[in-house]
Amino acid sequence: MVDISFLALKDQLASMLGADESADLPPVDRSRLGICINQAYRECYNPIDGRRPMWAQKQFTLSYGREQAGADLPAEVTSVDKIPELVGEGPLSPMTGPEAEIRARAIFSWDFRAPSGRGLNFPQYKDNEAEIGRPIWYYLDNRDKGSDEKVIPRFYLYPIPDKAYTVELYGNIIPSALVNDADKPRIPSDLVWDIMFPMAQAKLLSDPRYNGDNRELLLRMAEESRKRLRTLVTPQKHKGSLRLTRRMGW
């Protein structure tokens, strides 16, 4: 069985710096190897072209109590994919953000017109209390609330829940960094050496200690790996509907 551990990746990458294995390198260089490997690992989950693969998603379940509008998602979540489901009720529709909630509960009051009688009419609104009922919409807000040490995505419902609800969703995630030597990256079919390792090699080219003459080859291999990664975006290739018709003569 092929070894795809963090240590095996570092040992192979160490050859670019003239070492037989990563243990022969000083701590600063070993740290540099780990940084390049984790950069390549994160790129597999969050490609430059934005085509996030399905396996870079993770299922989450959020519980809401009565009049609880929001719930925190883990910091590993960067966005929510597809359509979240209000369990037992149906799908939730997206709002563009918290400003859309403000508009949803605003009520038109009157038109303002300049005392001179000239100029345009400006509609005036007054803020109404937030509705409480069966949630229909959702939006995400990851702005700092004042004490956030990390970027926390918060999943909000509107109207505000009138009872306890459960939401199931899939979030696009950034994987946890490989830290321990026995850690293994989660890549489809264990294609670590085919996809992730060439990308890590290309990232190490910025190290001033590397003086090889095969830079163009390594960059080309990394680009081929990115193209191969795009073929793994979804495991289901056929997405159309099959229409069954009667044969001629029936």
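Reference entry: report on the structure contained in this document. (Residues numbered from 1 in each chain as written. Predicted model: local features only at pLDDT ≥ 70, side-chain atom pairs only at ≥ 80, totals over all residues. Heavy atoms only, no water.)

**A look at the pattern of salt bridges**
Here is step 1: A complete count under the given rule lists 15 salt bridges for this structure.
Here is step 2: Two residues, Glu 99 and Arg 143, come together in a salt bridge whose shortest N-O distance is 3.5 Å. Within this pair, whereas Glu 99 is found in helix H3 (residues 98-104), its partner Arg 143 is found in the loop between strand E9 (137-141) and strand E10 (154-158), the two being separated by 44 residues in sequence.
Here is step 3: The exposure class of Arg 143 is partly exposed, given its relative accessible area of 42%.
Here is step 4: Here Glu 223 makes a salt bridge to Arg 226, at a shortest N to O gap of 3.8 Å. Residue Glu 223 and its partner Arg 226 are located together in helix H5 (residues 215-230), separated by three residues, close to a single helical turn.
Here is step 5: Residue Glu 223 is classed as partly exposed on the basis of its relative accessible area of 34%. (Salt bridge = Lys/Arg side-chain N within 4 Å of Asp/Glu carboxyl O. Helix = DSSP H or I, 4+ residues; strand = E, 2+ residues; numbered from the N terminus. Buried < 20%, exposed > 50% of the residue type's maximum accessible area, 1.4 Å probe, protein only.)

**Comments concerning unusual backbone geometry**
For residues that are not glycine, phi is negative in most cases, and the peptide bond is trans in most cases.
Here is step 1: A cis amide bond links Tyr 158 with the next residue in sequence, Pro 159, at an omega value of -5°.
Here is step 2: One can find Pro 159 in the loop between E10 and strand E11 (160-161).
Here is step 3: One non-glycine residue with positive phi stands out, namely Glu 67, at about 60°.
Here is step 4: Assessed through its relative accessible area of 47%, Glu 67 is described here as partly exposed.
Here is step 5: Phi at Asp 190 is positive, roughly 55°, even though this residue is not glycine.
Here is step 6: When you line up the elements, Asp 190 lands in the loop between strand E12 (165-173) and helix H4 (192-204).
Here is step 7: Judged by its relative accessible area of 41%, Asp 190 is partly exposed.

**Remarks on the sheet that holds E12**
Here is step 1: In spatial order, the strands read E1-E12-E3-E4; together these four strands make up an open sheet with antiparallel pairing. Of all the strands in the sheet, just strand E1 (57-64) and strand E4 (90-91) have a single pairing partner and so form its edges. (Pairing = 2+ DSSP bridges.)

**Digging into the pairing of E9**
Here is step 1: Across two bridges, strand E5 (residues 93-94) lies against E9 in parallel orientation. The partner of Ser 93 across the bridge, within E9, is Trp 137.
Here is step 2: Pairing analysis gives five bridges linking E9 to E10, with the strands arranged antiparallel. Across the sheet, the residue bridging to Asp 141 is Arg 154, located in E10.

**Concerning the side chain of Asp 207**
Here is step 1: Relative to the assigned elements, Asp 207 resides in the loop between H4 and H5.
Here is step 2: Arg 32 provides the closest opposite charge to the buried, salt-bridge-free Asp 207, at an N-O distance of 4.0 Å.
Here is step 3: Setting aside anything within four residues of it in sequence, one finds Asp 207 in contact with Leu 17 and Arg 32. (Lys, Arg positive; Asp, Glu negative; His and termini not counted. Contact = heavy atoms within 4.5 Å.)

**Some points on the nonpolar core**
Most often, soluble globular proteins keep nonpolar side chains buried together rather than apart.
Here is step 1: Membership of the largest hydrophobic core comes to 47 residues, with the highest contact counts inside it found for Leu 13, Cys 44, Phe 155, Val 167 and Met 196.
Here is step 2: Broken down by secondary-structure element, the contributors of at least two residues to this core are helix H1 (6-14), helix H2 (27-45), E1, strand E3 (77-86), E10, E12, H4 and H5.
Here is step 3: For Val 167, the contacting residues outside a window of four places in its chain are Phe 60, Thr 61, Leu 62, Tyr 64, Pro 84, Glu 85, Leu 86, Leu 92, Phe 155 and Leu 157.
Here is step 4: Membership of the second largest hydrophobic core comes to five residues, among which are Ala 100, Tyr 139, Tyr 156 and Tyr 158. (Core = buried A, V, L, I, M, F, W, Y, C linked by side-chain atoms within 4.5 Å.)

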